[in-house]
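Results of the structural survey
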Amino acid sequence: MFRTVVSAAVVTAVAALTLAPLPVAAAPFHGANTAAVQDDFNGDGYRDVAVGAPGAANGSVPYAGSVVVLYGSASSVGTARRTVVTQASTGVPGDPEDGDRFGAAVAAADLDRDGYADLLVGAPGESVGTEPARGSVTVVWGGPAGLAGGVNLSPPAGYSEGRVICGFGLALATGDMTGDGAAEVSVGSRCDGVSYTGPFTRSGQAAGSYREWRLGTMRSVVMGDVDGDGLAERFWLAGPTDGDVRGPVHVDQGPPVTTDPTENAPLDLPYADGYNGQIGDIDADGYGDLVTGISNDDYLSGTTGAAHRGGEIQVLYGGPDGITADQHPQVFHQDTAGVPGSAEDSDQFGNALSVADTDADGYADVLIGVPGESIGSIFAAGNILLLHGSAAGLTTAGATGYSQNSTDVPGAAEGNDDFGLAVHLADVDGDRHPDLVVGVPGENGEGCVWVARGTATGPVPAGSANLCGQRAGITVSEGVPGQFGAALDDPHTAL
């Protein structure tokens, strides 16, 4: 069955806790909205990794949630150089409450154009006033000493009216849609999608905002350039609906016009499906390509017509006109020839995605999380698969897979580890090769992330490390899993 990550944990309440001194950059490395340093929170030139633990407790308050930021360096990331952020941290708004799930989604962008990336945190379980689980999104500001202080983003007028359990902050995406160097922010929820236009002030005021009410539920959102003009496009993904269990995909065309809701109406991609997505140039033609994941098969959805058994991913290729409505996607699953493993009920293939060029051949590759995969008789131990890009598009040639039973991967496959529930490719050591970060939130009752070094030929498990929740600053009580690693700064399905 589908198991959303909502287990309780215990995290020591800290006040923007920095557990080791950080190098202070004399000036921002360079604009943090560039691809290379979009998540460099302290401006030292190394990408940092934000790890969500949405089931974490704060003191005696269960399910409050937390985020741990691991700072990059020439020697990769580690647990010694970190900041732990909760709603009890100094300058961070809100209070830790039962069920908030602060850290269920994380993202990064330079929202105020000061040259430092800022952290965005979704807390979809947060109650606001009398609205249960209305949800919230918090910005924690980057700077030369790392992260400090923050503000909540207010939804536009009319959001959540007449509805409950909207889960604002269930998904987050950022991208520059206007070319002014300031990131736009998109927020997914069980209600309307919300768009903010940058830049943002330190009070949390955006240059503009609107809610996309014409589509109903918008659980996920993807942003990236698919037409080669240097500006990001936005794709709204509703997740499974009553009329489309595979999940409709729409291209944003602009804000609603009060006098005519059909003007600028989102464009439906009738052949596309997906619950989450990521954009990268898989065929190296200069246009970003949209990769979506559909992790629920018929077994998990309880109906027919869902994803291929075990889940699937789809690829739609960009071009001068972007991604057009007549395009049929390329589809991959574990019954596709050349994909490691075999399709089984509830594998959740495609539950998490990350796209980057892992082998320095100029083509972006796709890392796929399969957290429900059984390893032998071990249920939901999880694994990950890496498919490679080429001039002909995504291919299964040279596809590789890793689990905790793979050679040189620390630990061992255990039931409900959920290895691959979240995945992330980012160059955290500055050698221009993406390193591999994989969430293992069920590991040993606390949760871990697996970090493997990137090279010119791809990730290398030898010398890799598990970074686990307690060493990263969270505490767990007996029988209460920490779920460290449930969210990383790349999309995953959290319905």
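This text follows the structure it describes.
1. Some points on the sheet that holds strand β27 (residues 448-453)
- Pairing is antiparallel in the open sheet, where four strands are placed in the order β25-β26-β27-β28. The open sheet has two free edges, formed respectively by β25 (423-426) and β28 (460-468), since each of these has just one partner strand. Each strand of the sheet is rotated relative to its neighbour by a mean of 20 degrees, with strand direction disregarded.
- Sheet topology places β25 next to strand β26 (residues 435-440); four bridges connect them, and they run antiparallel. Bridge assignment links Ala426 to a residue of β26, and that residue is Asp435.

2. Let's talk about the sheet that holds strand β22 (residues 365-370)
- Taken in spatial order, the four strands make up an open sheet running β21-β22-β23-β24, and their pairing is antiparallel. Bordering the open sheet on either side are β21 (352-356) and β24 (395-402), each of which pairs with just one other strand. Neighbouring strand axes in the sheet, compared pairwise and without regard to direction, differ in orientation by 20 degrees on average.
- With five bridges joining them, β22 and strand β23 (residues 383-388) adopt antiparallel strand pairing. Residue pairing for β23: Ile368 is matched across the bridge by Leu385.

3. So, the state of the cysteines
- Evaluation of the coordinates by the stated rule reveals two disulfides.
- Through a disulfide, Cys166 is tied to Cys191; the S-S separation comes to 2.0 Å. Around the S-S axis, the bridge from Cys166 to Cys191 shows a dihedral of about -80 degrees and counts as left-handed. Highlighted residues: Cys166 in the loop between β8 (148-152) and β9 (171-175) and Cys191 in the loop between β10 (184-188) and β11 (193-200), separated in sequence by 25 residues.
- The exposure class assigned to Cys166 is buried, which follows from its relative accessible area of 1%.
- Cys448 shares a disulfide with Cys468; S-S distance 2.1 Å. Torsion about the S-S bond of the Cys448 and Cys468 cystine: about 95 degrees, corresponding to right-handed handedness. Placement of the pair is Cys448 in strand β27 and Cys468 in strand β28, with a sequence separation of 20 residues.

Cut-off values and rules
Residues numbered from 1 in each chain as written. Predicted model: local features only at pLDDT ≥ 70, side-chain atom pairs only at ≥ 80, totals over all residues. Heavy atoms only, no water. Pairing = 2+ DSSP bridges. Helix = DSSP H or I, 4+ residues; strand = E, 2+ residues; numbered from the N terminus. Axes fitted to C-alpha atoms, helices over the stretch in contact; angles between N-to-C directions. Disulfide = S-S within 2.5 Å. Buried < 20%, exposed > 50% of the residue type's maximum accessible area, 1.4 Å probe, protein only.

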